[in-house]
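Working through the structure, step by step
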Amino acid sequence: MKNIVLIGFMGTGKTAVARMLAKSLGYHLVDTDERIEYATGMKLVDVWKKYGERRFRSEEELVFKKLQNGEGQVIAVGGGVDLNPNLFTYLGKDSFVVLLESTPDIIYQRLSRKNTRSMLGKKVTVETVANILAEKMPVYAAAAHMRVNTAEHSLEEITEQIIGEYRKTK
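Residues numbered from 1 in each chain as written. Predicted model: local features only at pLDDT ≥ 70, side-chain atom pairs only at ≥ 80, totals over all residues. Heavy atoms only, no water.

**Quick word on the overall build of the protein**
- Helix and strand counts for the protein come out as seven helices and five strands.
- For the protein, the N- to C-terminal ordering of α and β elements is β-α-β-α-α-β-α-β-α-α-β-α.
- Rg of the C-alpha trace for the protein: 15 Å, near the compact-globule value of 15 Å for 170 residues, within the 12% margin.
- For the protein, the spread of C-alpha atoms along the three principal axes comes to 40 × 35 × 25 Å.
- The burial tally for the protein puts 47% of its 170 residues in the buried class.
- Split by element, the accessible area of the protein, about 9000 Å² in all, is 50% carbon and sulfur.
- Taken as two groups, the 25 positive and 21 negative side-chain charges of the protein have centres that lie 5 Å from each other. (Helix = DSSP H or I, 4+ residues; strand = E, 2+ residues; numbered from the N terminus. Rg over C-alpha atoms; globule rule 2.2 N^0.38 Å. Buried < 20%, exposed > 50% of the residue type's maximum accessible area, 1.4 Å probe, protein only. Areas by Shrake-Rupley, 256 points an atom, 1.4 Å probe, with all protein chains shown as cover. Lys, Arg positive; Asp, Glu negative; His and termini not counted. Charge placed at Lys NZ, Arg CZ, Asp CG, Glu CD.)

**Here's the deal with the nonpolar core**
- Core analysis: the largest hydrophobic core is formed by 31 residues, its most contacted members being Ile7 and Val81.
- Those elements that provide at least two residues to this core are strand E1 (3-7), helix H3 (44-67), helix H4 (86-91), strand E4 (95-101), helix H5 (104-113) and helix H6 (126-143).
- With near-sequence residues (within four places) excluded, isoleucine 7 lies in contact with Lys14, Val77, Val81, Phe88, Val97, Val98, Leu99, Leu100, Tyr140 and Ala143.
- By size, the runner-up hydrophobic cluster in this structure holds 19 residues, among which are Leu6, Val17, Ala18 and Ala22. (Core = buried A, V, L, I, M, F, W, Y, C linked by side-chain atoms within 4.5 Å. Contact = heavy atoms within 4.5 Å.)

Written as structure tokens, this is what we have:
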């Protein structure tokens with residue numbers, strides 16, 4: 001497998017885990033949300049507000065197409081990857097896909113600390129998180145080679161677990 005792709009709901013730690021994995025493996029770190037911001041020159045929420053979900057998803061797909069031939073990458077993807085099944089075809093076939101999970105309570109706490117993520121204008125409650133998570137989980141789980149609960153382990157433990165399983169695929 002050429003790359004490691006981290007998927008999961010927002011607030012599950014994809015960016016933090018990706019940073020540590022990339023550093024530990026000497027891989028290139030890619031955050032698809034950051035790539036969209038760079039390509040558009042706008043914050044994600046502003047792209048969404050100004051142009052809508054369709055444009056946002058189009059930008060997301062372009063980023064995935066560009067990444068699909070790369071190798072030695074740790075790729076943290078946005079939490080909405082489940083909404084476009086094509087995205088998994090770009091990265092999933094030659095990549096080790098890891099689903100990062102957490103409880104709705106922990107996700108809510110993490111999102112509350114980061115005021116920059118408002119779930120695109122929706123009022124964030126534990127119930128909202130639980131409901132959206134329940135909708136997304138079947139798609140996330142079907143795409144993953146491995147699942148890790150980030151509420152139960154330290155960043156170091158998560159990184160070690162992923163690297164151990166990833167090396168088994170090489």
